[in-house]
Amino acid sequence: MGVKVLGVPLIVLVLWVLAVLAKEGDKSVDYDGRSLMIDGKRKILFSGSIHYPRSTPEMWPDLIAKAKEGGLDVIQTYVFWNVHEPIQGQYNFEGRFDLVRFIKEVQAQGLYVSLRIGPFIEAEWQYGGFPFWLHDIPNIIFRCDNDPFKQQMQKFVTKIVNMMKSENLFYPQGGPIIISQIENEYKNVEGAFHALGPPYLNWAAWMAMGLKTGVPWAMCKQDDAPGAVINACNGLSCGETWSGPNSPAKPALWMENWTSNFVYGTYGQEQRTRSTKEIAFVVALFIAKKNGSFVNYYMYHGGTNFGRSASPYVVTSYYDLAPLDEYGLIWQPTWAHLRDLHAAISQSSDTLLYGSYSTLSLGNLQEAHVFETNSDCVAFLVNLDAHETGDHQFLIYDKIPDLNNAQFTNNHLLEQLSTTKDATDYLWYTTSFNNPSSGTKGRLHVESFAHVIHAFINYKLVGSAHGNHDKQGSILDANIWLEEGINNISLLSAMVGSPDSGPYLERRFTGMRNVELYNTINGSNLINLNNQNWGYQVGLIGETNQIYSKKANWESIQNSINQPLIWYKTEFDAPAGTDPVTLNLSSMGKGEAWVNGESIGRFWVSFKTENGQPSQSLYHVPRSFLEASGNQLVIFEEEGGNPMEITINTISVN
């Protein structure tokens, strides 16, 4: 028998409590060493991440209702800076980006909100949530003790907080927001900033607390979270791997209980599911071993990475195996099993939150965690031993540029994101080579920090190469034929998402870094082209002309399939009923798709997993994007595919 602990040590830090306590009438949010306290009462809270830009306003009520029915108390979301301020000083809070509407919908259904303002979020999201214009601010260094960055960060965080206040959305005002988060997993990069890291961490914490929201602030994966800021855990099993709160006056919060085994879905990799039993086990273990009182499932509904919003190599469907899948359908048995777990724990919440705690050893790998009051007892017994489209289709060829019709020129290879401002995945690099011989075999060698290379000699594709999620750059070697005289070399460099993590994002180099030409295949007569006169074209002609939403001169498709750099267009009627709609792109290669001018995201069906299957072939088309008939589907095909085999499907659960 183990020794029974009579009660849990509690140190009340009066200044910390005062820092987060704000009352208006009887409404208050506070915390002690056991839990968040709402209106003075301890709470065990189950939360789920639903990101408003990854679904549509028409989907939000149903998603939130299903989350509530699944036993959740809280909906958690990041705030996505780059969608709200895409151009410095110009804000967008409309449609899928209507943060206030989303929070009010959560409130209307009687749930709380956990608001992760960041503003760095990572989240497998474009540029980690930062707007790319930050990159061009003079002398800026992201996420450290750097005045240009701190000024912009404070301005945006303050704007979001003031917006929430103006709508009375913080709990002491009568709203649903009970906790906010500043920064995100900063400990992962803090050391890289050396002496500029710790001052920034402290500044961020005290800046946030100075905004006087009346609710606590948290930091994830930050064991030294300053002052009243709660250090929270992210991970697969915080009951086993986390050291716990950095003060006995702070509660144990789990901000990200990942519902997949590290894999949110990347091109070329298999989805690795996480068993329902494992997810439920680690939740119970966290509550038992760490006195855990707040568990958030990341994700509860993953949704869709519309447009170009995903980070490198991340598929369009995000956390599709969450309790609610990409379409908002209930994923069984996960959803029901967790619902029952929530009900069982909530039924015993008073004993768990107010009872004394003891632990008993039942063997080498078995133990009991016991919570007792004068009238009730709750015990966790833990075993650690295991645990179809329209008939008429049309096309437009995207033009392959050369040096003579470039948008601008430079005498060296430019960094891609600085050139494109992350407004497109594509950058053309063009140059020419004067071959004095009458037809020569040669070899082209290209090294790039971008994700994909397509090489064209005299407007003909000679080779392609790509990296992967673990090795993101690409190297191309292609045998070529050089005509006598001027030969045009056109290299299409493609990104599959901008970087979203790590230190010094503003210094990250992408794009071509070395281009060499061998005048014979055996490698003799090497010519380095890096300092040639290079011409550049930002993006594709079809993108510039927005042919996915405007009128264009389309021609009949005839037999023009399995060719690169083609835009396809067709029309279709919306399927009958209310089931979620998907686009089956299994016959295509790589590119992007639009429905009625709305991008439903990138696709890369040709990048197969080890078992020969695409990482994703079905793509969500929200019904709010559709009209009853005459819907326009536009596909940009980068590599080559057969659009005649694209189908429109619906998804349902029996």
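As a starting point, this report considers the structure included with it. Predicted, not measured: the structure shown is a model, and the values here were computed from it.

1. Focus on the nonpolar core
As a rule of thumb, nonpolar side chains are buried together in soluble globular proteins. Of all hydrophobic cores here, the largest spans 128 residues; its most connected members are L115, M164 and I178. For this core, the leading source of residues is helix α9 (residues 276-290), giving nine residues. Excluding residues that lie within four positions of it along the chain, L115 makes contacts with T77, V79, L99, I103, I160, M164, I177, I179, S180 and Q181. Judged by nonpolar contacts, the second largest core, of 46 residues, contains F306, Y426, M588 and I635.

2. A look at the sheet that holds strand β33 (residues 647-650)
The strand order across the open sheet built from three strands is β31-β28-β33, with neighbouring strands paired in antiparallel fashion. The sheet terminates laterally at β31 (618-621) and β33, the two strands that pair on one side only. Shown here is a sheet whose adjacent strand axes are inclined to one another by a mean of 35°, direction ignored. Bridge count for strand β28 (residues 581-584) against β31 is four bridges, and the pairing is antiparallel. Paired with L583 across the two strands is Y619, which belongs to β31.

3. Here's the deal with the state of the cysteines
In total, this model carries one disulfide according to the counting rule given. The partner cysteine of C233 in its disulfide is C238, sulfur to sulfur 2.0 Å. The disulfide joining C233 to C238 has a torsion of about -85° about its S-S bond and is therefore left-handed. Neither C233 nor C238 differs from the other in exposure class; each is buried.

4. Remarks on helix α10 (residues 334-347)
In a regular helix each residue adds 1.5 Å, so 14 residues correspond to 20 Å; α10 covers 20 Å between its end C-alpha atoms and thus fits that length. When we look at burial in α10, the residues that qualify are T334, W335, A336, L338, L341, H342 and I345.

5. A look at the pattern of salt bridges
Across all of its chains, the model carries 22 salt bridges by this definition. Ionic pairing is found between K66 and D62, a salt bridge with its closest N-O pair at 3.0 Å. Within this pair, K66 and its partner D62 are both found in helix α2 (residues 60-69), separated by four residues, close to a single helical turn. Taking the relative accessible area as the measure of exposure, D62 reaches 39% and is therefore partly exposed.

6. Describing the sheet that holds strand β14 (residues 377-383)
Ordered by their spatial adjacency, three strands build an open sheet running β12-β13-β14, and the pairing between neighbours is antiparallel. Each edge of the open sheet carries a strand with a single partner, namely β12 (356-361) and β14. On average, adjacent strands in this sheet sit at an angle of 15° to one another, irrespective of strand direction. Here seven bridges tie strand β13 (residues 366-372) to β14, and the two strands are oriented antiparallel to one another. Note on β14: the bridge partner recorded for Q366 is N383. Lying on the sheet, α9 is in contact with β12, β13 and β14; it crosses β14 at an angle near 125°.

7. Focus: the pairing of strand β4 (residues 45-50)
The side chains of a regular strand alternate between the sheet's two faces. Among the six residues in β4, six count as buried, and that is most of the element. Bridging between β4 and strand β11 (residues 292-301) involves five bridges; their strand directions are parallel. Paired with L45 across the two strands is F294, which belongs to β11. Where β4 lies against strand β5 (residues 74-78), three bridges are found, and the strand directions are parallel. Paired with G48 across the strands is I75, a residue of β5. Handedness of the β-α-β unit built from β4, α2 and β5 comes out right-handed.

8. Notes on unusual backbone geometry
Cis geometry marks the peptide bond from G118 to P119; its omega dihedral reads 5°. Mapped onto the secondary structure, P119 falls in the loop between β6 (112-118) and α5 (147-166). In the segment running from Q332 into P333, the intervening peptide bond is cis, with an omega of 5°. Looking at where P333 falls in the secondary structure, it is placed in the loop between β11 and α10. The phi angle at Y504 is positive, at roughly 55°, despite the residue not being glycine.

9. A short note on α9
For α9, with 15 residues, the first-to-last C-alpha span of 21 Å sits near the 21 Å given by 1.5 Å per residue. Extensive coverage of α9 is indicated by the burial of eleven of its 15 residues. The complete set of buried residues in α9 reads T276, E278, I279, A280, V282, V283, A284, L285, F286, I287 and A288. Once α9 ends, the next one or two residues include N291, with phi positive near 55°.

10. Re the packing of aromatic side chains
If you walk through the whole model with that rule in mind, you get 42 aromatic pairs. With a centroid separation of 6.0 Å and 70° between ring planes, the pair formed by Y112 and Y171 is classed as edge-to-face. With a gap of 59 residues between them, Y112 in strand β6 and Y171 in the loop between α5 and β7 (177-182) connect regions that are remote in the sequence. The ring of Y91 carries K159 above its face, with NZ or CZ at 4.1 Å from the centroid. Stacked on the ring of Y518, the Lys or Arg R443 has its end atom at 4.4 Å from the ring centre.

What counts and what doesn't
Residues numbered from 1 in each chain as written. Predicted model: local features only at pLDDT ≥ 70, side-chain atom pairs only at ≥ 80, totals over all residues. Heavy atoms only, no water. Core = buried A, V, L, I, M, F, W, Y, C linked by side-chain atoms within 4.5 Å. Buried < 20%, exposed > 50% of the residue type's maximum accessible area, 1.4 Å probe, protein only. Helix = DSSP H or I, 4+ residues; strand = E, 2+ residues; numbered from the N terminus. Contact = heavy atoms within 4.5 Å. Pairing = 2+ DSSP bridges. Axes fitted to C-alpha atoms, helices over the stretch in contact; angles between N-to-C directions. Disulfide = S-S within 2.5 Å. Expected span 1.5 Å × (residues − 1). Salt bridge = Lys/Arg side-chain N within 4 Å of Asp/Glu carboxyl O. Right-handed = clockwise from strand over helix to strand, strands pointing away. Phe/Tyr/Trp six-rings, centres within 6.5 Å; stacked < 30°, edge-to-face > 60°. Lys NZ or Arg CZ within 6 Å of the ring centre and 35° of its normal.

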